Amino acid sequence: MVRGQLYNQLSADIQSNKSLEKRFYLVQELSTAASNDMNIKKYFWKDLDLCTALVEDLGKYRLGTGENNRADEIEYLIQLESCLSEMFRESEHLSQRAHLLTANSFVVLRLLLENISSAPSLPTHLTSDAEVEDLCTELLDTTTKLLFEVLLAVSEHPTFGTELSVSRVVSFLEPCFSTFGPVYSSMIERGLFLISRTGAASTTLLLYCVFYVVEVLCRNSAVCRRLLISSHLEDIRYYCANPELKIARFSPLQGLTIERVYKLLQNIS
């Protein structure tokens, strides 16, 4: 009971607080709590108001408000996406998650995918700012991990509900392809950069997430496949040849990552 009361207070504080700095730390507190207590995830997936508020923030701060330092807004986006990824992680047994995401014709899922389908807008004077550039790369990584968690949820956990599928996710992303196409290209380029850093164990988890997302979308979305083949085919064949020599040995994800790379190569052969 006490845990539930504390969650309700945190949820109310996040929704009522307008200060970007305070929202950042409150969302960080929520994410940390969820990583340590599955009950927090259960409460979250029953909390349509908070879930909707966080998803709406993804769109609001991607566009930029003009009221805050832009770097601070991007840092908040990174924290938001990390928090949402944590809520998805290992929560496939929670029926509340499927109920929330399928409610009202998938309105939350649709909005989530629409709001992560574009890069953050930047004023011209920040496009060459090194700090902002690093933050945008970090945001791309958290977007990839969040999309990975969504795709994993709908493709590998039958308890998630038959109405949720990869094709459903694709049907929400493809109408946004004018903005998602460049994001998908950036994910591909990020994966090729990571795999070129032969044996870097610290990047294995991210590398697996990148190639999972790239391969699943290539296989299930005709527009993603066309973009990959038209713009990245030769680079993929070059950098992904013999992946077992390039992915960190003894990593728990080595085998799965190699398998995913070979699936991608097979799909585009």
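About the thresholds
- Residues numbered from 1 in each chain as written.
- Predicted model: local features only at pLDDT ≥ 70, side-chain atom pairs only at ≥ 80, totals over all residues.
- Heavy atoms only, no water.
- Phe/Tyr/Trp six-rings, centres within 6.5 Å; stacked < 30°, edge-to-face > 60°.
- 1 Å grid on protein atoms, 1.4 Å probe; cavity = no way out; pocket = protein on both sides within 12 Å on 5 of 7 lines; lining within 4 Å.
- Points joined across faces, edges and corners; volume = space filled by probe spheres on them.
- Helix = DSSP H or I, 4+ residues; strand = E, 2+ residues; numbered from the N terminus.
- Nonpolar A, V, L, I, M, F, W, Y, C, P; charged D, E, K, R; others polar.
- Buried < 20%, exposed > 50% of the residue type's maximum accessible area, 1.4 Å probe, protein only.
- Contact = heavy atoms within 4.5 Å.
- Axes fitted to C-alpha atoms, helices over the stretch in contact; angles between N-to-C directions.
- Parallel < 35°, antiparallel > 145°, perpendicular 65-115°, else oblique.
- Left-handed = near helix turned anticlockwise from the far one by under 90°.

Draft legend 1. Expanded view of the packing of aromatic side chains. What the rule picks out here adds up to 12 aromatic pairs. Taken together, the ring pairs connect Phe-44, Trp-45 and Phe-88 into an aromatic cluster.

Draft legend 2. Spotlight on the layout of surface pockets. As a volume, the largest pocket reaches approximately 270 Å³. Along its surface, the largest pocket is lined by 14 residues, and Ala-119, Cys-136, Thr-137, Leu-140 and Ser-186 are the ones closest to its centre. Of all the elements in the fold, those that place two or more residues in the lining of the largest pocket are helix 7 (130-156) and helix 9 (177-196). When grouped by side-chain class, the residues that make up the lining of the largest pocket number 7 nonpolar, 4 polar and 3 charged. Approximately 160 Å³ is the volume found for the second largest pocket. Lining the second largest pocket are Gln-15, Lys-18, Arg-23, Ala-53, Glu-56, Asp-57, Lys-60, Tyr-61 and Glu-67. It is helix 4 (residues 48-63) that contributes the most residues to the lining of the second largest pocket, 5 residues altogether. Residues belonging to the lining of the second largest pocket are distributed by class as follows: 2 nonpolar, 1 polar and 6 charged.

Draft legend 3. Seen up close, empty space enclosed by the protein. Applying the stated criterion across every chain yields a total of 2 cavities of 30 Å³ or more. Size it by volume and the largest cavity reaches roughly 40 Å³. In terms of lining residues, the largest cavity is bounded by Trp-45, Cys-51, Val-55, Leu-84, Phe-88, Leu-101, Val-108 and Leu-112. Elements with a minimum of two residues in the lining of the largest cavity: helix 4, helix 5 (70-88) and helix 6 (95-115). Considering every element that reaches the lining of the largest cavity, the biggest residue donor is helix 6, with 3 residues. In the lining of the largest cavity, the residues fall into 8 nonpolar, no polar and no charged.

Draft legend 4. View of the side chain of Lys-41. You can see Lys-41 is positioned in helix 3 (residues 38-45). On the basis of relative accessibility, which here comes to 3%, the residue Lys-41 falls in the buried class. Excluding its chain neighbours within four sequence positions, the residues that come into contact with Lys-41 are Ala-34, Glu-86, Met-87, Arg-89, Ser-91 and Leu-94.

Draft legend 5. Up close: the packing of helix 3 against helix 6. With their axes 8 Å apart at the nearest point, helix 3 and helix 6 run at an angle of 25° to one another. The angle between helix 3 and helix 6 places the two elements in the roughly parallel class. The handedness of the crossing between helix 3 and helix 6 is left-handed. Taking contact as the criterion, the partners of Lys-42, Phe-44 and Trp-45 in helix 3 are, on helix 6, Gln-96, Arg-97, Leu-100 and Leu-101. Grouping the constituent residues of the contact of helix 3 with helix 6 by class yields 4 nonpolar, 1 polar and 2 charged.

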